[in-house]
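Below, each chain spelled out in residue letters.
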Amino acid sequence: MGIKLDPWGHLSISDYEKLFTQFGIEPIDSVIEKLPVKHYFFTRKIVFGHRDMEKWLDALKCGEKVVVLTGFMPSGHTHLGHLMVFEELKYLQQLNAHIHVAIADAEAYVVRRLSRRRAIKYGLEYIAHAIAWGLDPDRTIFYFQTNQSTDYYRLIQLFSRKTSLAEMEAIYGELSPAKIVAALTQAADILHPQLSSYGGYKYVLVPVGADQDPHIRLTRDIADRFSTELGLERPASMYHKFITGLDGNKMSSSRPEYAIFLLDDEESVKRKVLNALTGGRATAEEQRKLGGQPGKCSIYQLYMYLLSIDNKELLEVYNSCTSGKLLCGECKRKAYEKLAKVLSEHKKKYKKVVETGVLEKVVEKPSF
Ligand code: TRP
Ligand code: SF4
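The shown structure was predicted, so the numbers you read here are calculated from the model rather than taken from an experiment.

Analysis parameters
Residues numbered from 1 in each chain as written. Chains lettered and ligands numbered in written order. Predicted model: local features only at pLDDT ≥ 70, side-chain atom pairs only at ≥ 80, totals over all residues. Heavy atoms only, no water. Helix = DSSP H or I, 4+ residues; strand = E, 2+ residues; numbered from the N terminus. Near = heavy atom within 4 Å. Polar contact = N/O pair within 3.5 Å; in protein donor to acceptor, adjacent residues only side chain to side chain. Areas by Shrake-Rupley, 256 points an atom, 1.4 Å probe, with all protein chains shown as cover. Salt bridge = Lys/Arg side-chain N within 4 Å of Asp/Glu carboxyl O. Buried < 20%, exposed > 50% of the residue type's maximum accessible area, 1.4 Å probe, protein only.

Concerning unusual backbone geometry
The phi torsion of most residues other than glycine is negative, and most of the peptide bonds are trans. The residue Asp52 is not glycine, and still its phi comes out positive at about 55°. The residue Asp52 is located in the loop between strand 2 (47–51) and helix 4 (53–61) in this model.

Considering the site of ligand 1
In the region of ligand 1, 13 residues are neighbours, and Gly71, Glu107, Gln186, Asp189 and Gln212 sit closest. Note that a nitrogen atom of ligand 1 is positioned 2.7 Å from one of the side-chain N or O atoms of Asp189. A distance of 3.0 Å is found between a nitrogen atom of ligand 1 and a side-chain nitrogen or oxygen belonging to Gln212. When ligand 1 is considered free in solution it has 360 Å² of accessible area, and contact with the protein chains removes 91% of it.

Observations regarding the pattern of salt bridges
Summed over the entire model, instances satisfying the criterion amount to 18 salt bridges. Between Glu87 and Lys90 there is a salt bridge, with the nearest N and O atoms lying 4.0 Å from each other. Taken together, the residues span about one helical turn, with Glu87 and Lys90 both in helix 5 (residues 80–94) at a distance of three residues. Overall, the relative accessible area of 22% leaves Lys90 in the partly exposed class. Of the charged contacts in the structure, one is a salt bridge between Arg139 and Asp136, with a shortest N-O distance of 3.3 Å. Exposure remark for Asp136: the relative accessible area of 25% places this residue in the partly exposed category.

The following block contains the structure:
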């Protein structure tokens, strides 16, 4: 049985290796050598796969105009899962790529049936957090899908003419009109920077979670079909693993007890971290004897994704865990302290972004 990727689902993907053979996602290894700066996301294989990223990096190196485009579905408060993507974008911006960020308010409306008011509120929150985390607002384009021009919306109509229900069902499984609209809208997100009215970028890189690969495959096929008519090129993509929630499943705002939100107060963060699922054994005695299992531990993930940027420090956590020297209680307390520090610094910056009115300058708020 192959794995089914559902871009609208909530499950985490446990077997990343299969994505290489089943869908033709390339392992990230060959790309790492080409990176001018080797961010730990790549060396730790948090970013584990890609399509055509080498071409994109070559273009970047040759001084071509390159763009990174990704999108966020504004369906809840911003959490650590989003923060990881902000970190990716910040890194790619430092390499000199232009950055475009879509707030998928049209998708939230049609697929998640979210109210406009909430989608707009959450969308603005993501943008403020992205800027607070270090994305340079002067070099980033943030937009809401519903604010886009007719050029962008025209793409959706054009794309609908050269896609069939059968091919979309082969990619997505069961469909609804809402999902079809959302998928074609996402294709417009990814391909519209190539239009001259949107900058005429020929090299587009899309960083996403692997669950979004169905959209990437569809969009690459669509690009091929419009190569003559619109001069579209296939976009490149790179895929990250998700930081898991504190129960071991995908971190999601629909299960708030297992997600760390960037504006959570310290007490909630503490409670959530101390209650998290770990790779610890049933008793302290057993753990001293057998060691813990960091591969199954949501706390270890916090260290790996965010809290221990230094490799030596991460290795230290790993070794003291597997040797049974470190017990989960102490390990969780340390993680909590580090996390509280990261979040309190971030919160200060977030407040500043909100209070100084940066948002009003960088994004047009949709009307209802
Ligand atoms: N579908 C994406 C999600 O659920 C959001 C999204 C919309 C997106 N447009 C995009 C992602 C373009 C990457 C590129 O999170
Ligand atoms: Fe996880 Fe730390 Fe416990 Fe090891 S000691 S299983 S890393 S919480």
